[in-house]
Every structure is written in C-alpha cells, then in structure tokens.
Amino acid sequence: MAELDDIIHQPLRLKIMAALNALPAEVGLEFVRLKKLTGATDGNLGAHIETLAKAGYVSVDKAFVGKKPQTTVTATAVGRGAFARHVATLQEIIAGRQG
Amino acid sequence: MIDSKQASEALTDIEDTVRRVRQSQIYQVSSLALLMWGVLACAANIAGWFWPRYGLYIWLGAYAVSAVGLVALSAYHRSKSRIRVFDGRYFLTFALIAAFGIFVCYFGQFTARQQTAFWPIYIMLFYMMAGVWFGYAFLIIGATIVALTLIGYFYIPGISLLLWMAAVNGGGLTLGGLWMRRN
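Cut-offs used in this document
Residues numbered from 1 in each chain as written. Chains lettered and ligands numbered in written order. Predicted model: local features only at pLDDT ≥ 70, side-chain atom pairs only at ≥ 80, totals over all residues. Heavy atoms only, no water. Helix = DSSP H or I, 4+ residues; strand = E, 2+ residues; numbered from the N terminus. Buried < 20%, exposed > 50% of the residue type's maximum accessible area, 1.4 Å probe, protein only. Phe/Tyr/Trp six-rings, centres within 6.5 Å; stacked < 30°, edge-to-face > 60°. UniProt positions renumbered as here; feature names shortened; annotations may be inferred. Contact = heavy atoms within 4.5 Å. Buried area = accessible area lost by both parts, 1.4 Å probe. Salt bridge = Lys/Arg side-chain N within 4 Å of Asp/Glu carboxyl O. Pairing = 2+ DSSP bridges.

**Q** Go over the overall build of chain A, please, and point to the residues and values.
**A** Helix and strand content of chain A: five helices and three strands. Listed N to C, the secondary structure of chain A is α-α-β-α-α-β-β-α in terms of helices and strands. Projected onto the principal axes, the alpha-carbon positions of chain A cover approximately 55 × 25 × 20 Å. For chain A, with 99 residues in total, the buried portion stands at 40%.

**Q** Describe in detail the packing of aromatic side chains, supporting the description with residues and values.
**A** All names here are of chain B. In this structure the tally under the stated criterion is 14 aromatic pairs over all chains. Both rings, one in Phe110 and one in Phe118, keep their centres 5.3 Å apart while their planes meet at 70 degrees; by these two values the pair is edge-to-face. A residue is classified by how much of its surface remains accessible, and Phe118, at 16% relative accessible area, is buried. Taking the centre distance of 5.2 Å and the plane angle of 85 degrees together, the rings of Tyr122 and Phe126 count as edge-to-face. Placement of the pair is Tyr122 and Phe126 together in helix α4 (residues 112–134), with a separation of four residues, close to one helical turn. When its relative accessible area of 7% is taken as the criterion, Tyr122 is described as buried. Overall, Phe126 belongs to the partly exposed group, its relative accessible area being 27%. Three or more aromatic residues joined by ring pairs form one cluster here, namely Trp59, Tyr63, Phe100, Phe110, Phe118, Trp119, Tyr122 and Phe126.

**Q** I'd love a proper account of the UniProt feature "domain: Winged helix DNA-binding" (unreviewed entry) in chain A, names of residues and values included.
**A** Taking the numbering used here, the UniProt-annotated feature "domain: Winged helix DNA-binding" (unreviewed entry) corresponds to residues 12–94 of chain A. With 59% helix and 22% strand, residues 12–94 of chain A has its two end C-alpha atoms placed 21 Å apart.

**Q** Explain the interface of chain A and chain B to me, and be specific about the residues and the numbers.
**A** Listed by partner, the interface residues are 25 residues for chain A and 23 residues for chain B. Counting the surface lost from both chain A and chain B, the interface buries some 2100 Å², and carbon and sulfur atoms represent 70% of this. Counting the surface chain A buries against chain B, the share from its top three residues, A:Arg33, A:Leu37 and A:Ile94, is 24%. Run the count over chain A and chain B and you get zero salt bridges. For the side of chain A that touches chain B, the secondary-structure elements that each account for two or more residues are α2 (11–21), α3 (31–38) and α5 (77–95) of chain A.

**Q** Tell me about the UniProt feature "transmembrane region" (unreviewed entry) in chain B, residues and numbers included.
**A** Per the UniProt record, "transmembrane region" (unreviewed entry) is annotated on residues 29–51, 57–76, 88–109 and 121–154 of chain B. Structurally, residues 121–154 of chain B comprises 97% helix and 0% strand, and the distance from its first C-alpha atom to its last is 14 Å.

**Q** So, the sheet that holds strand β1 (residues 29–30) of chain A: which residues are in play, and what are the values?
**A** One key point about sheets: their strands pair by backbone hydrogen bonds, in either a parallel or an antiparallel sense. All names here are of chain A. The three strands lie next to each other as β1-β3-β2, forming an open sheet whose pairing is antiparallel. Two strands lie at the open edges of the sheet, namely β1 and β2 (58–65), each paired on one side alone. Where β2 and strand β3 (residues 68–75) come together, eight bridges link them in antiparallel fashion. Opposite Ser59, over in β3, you have Thr74 as the bridge partner.

See below:
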C-alpha cells in the first residue's frame, strides 16, 4: 500500500511541487514567479522551499542578474519521482483503493 | 491517511497550479509579442499619417517585421525556458487569419478609413477568443481596443484617425503587454 508523502502533502509544498513539475526537467522557476503562482508570502515560501530542498526534492540556485539577486528553484529527479508517487496515491484514494 | 474528498481537493489544487503555470508561460511570451506589435502598430500608423500614399507598403513591412520578430521571440523564449510556445501551426494560423482579412477587404471593397478600423477590430476578435480559453487579460485588452477603435472611427475625422489608432492600437497593445507581464 502506497503512503502519502508527508513532505509534499502540505498544501503550499504541494503547489510548489506541482508548479515545478509542470516544467520540463532541469527548468526552474524564479522565486518571484513561484511566489506569484502559489500566492505565498516571501517568508512562508522560503521556509517551505528549504524543507523541500532538505528532502532533496528541489535544488535552489542563487545568482546575480545584473545587480539583482535571483533565486531559481528546480525540481530534482528525486522530487519529480516523489511527486508522481504522491499523485498516484491521491488517485488511488479517490478510486477507493485506500483511505 | 486522508479521505477521498481531501484527496480530490489536493488533486484540484495541483491541476489549478499546473493551469496557472501554463497560463503564465503563455502570458510571458505573449506579452513580449504584444509589446512588439504595439510599437509596430504605433510606428505604422504614424508613418501612414506622414505618407498616406504608401500605407499598403508600410503595413506589409510592419507585418513582415512582425513575422520575423515572432520567430525571434519564440527562439528566445525556447532557449530560456526550453518550452516551445509557437510552432509552424501558429504561423499557419496567423497566415490564414491574414488571408481571410484580405478577402473580406477585397470583396467588401473597404475604403482606406474602413480598413484602418477593420484590421484592429478583426485582430482583436481573435484576442478576445483567445481570452475565453487562455485568460481574461486577452479579453479585456481586445474589448478595450475594439471600443476605442469604434469611437475613433465614428468621431475622429479624416486622416487624423491614423494618429488616434497609433495611440489606441499601438498604445493599447503596449500597455496590454506591460499589464500582462505583471499578471
């Protein structure tokens, strides 16, 4: 029986992973765009990205574009796999095989 | 463990986020195209006001620059995001839209003034249709430009209509592009 991924299941982290997973592999989203897409605040988004990064689900790249710092978040292969399994588990629950 | 209702809500959240990401990608590249078309429409209308006899050539030139610009924007966006937004089907679609517009002008025997109003209204019809599918921004931009074009057509006399259209069509598309980048 598949288990829900506790790290991904938190609502904001689920949105972050869904947004990153919608992009091609190795393509990331800038922090500002991720904030707009998820509707999160700076602090909240930063904390949840850190949790995902600690689990190895996302990588965080910080760089300077001109004089502006730019943070890009990308889903790792491990994160994409975990997200796919999490979605499959959700679908199983809806289909009545779990829960 | 969660129940099926909560699982369904989580999946809806995922679908909603994916939809927003795709919409954001479309907005990102479309906004650049809008800015380009805004500048071109403004320049072509002003050039037409200065040299009315060469209006046809000015607009053919503007469309040619627009086609090349679209290819460049598409290539730029693809190199940055690795997502292909425009492909050959889009260009064929644009060509068919332009061809239909030319047929309408030819069979309808439109005057230069009628054509000045017809083309923005005709193009904005497709913006509004795109708005129904891809996001309300297209719908609002299209409807606003159509309304302002009609006001100009009925109330701005003579060749001054071209200056009105430079502001309305060019300015409207440019502002629309800037607004879309913020959404």
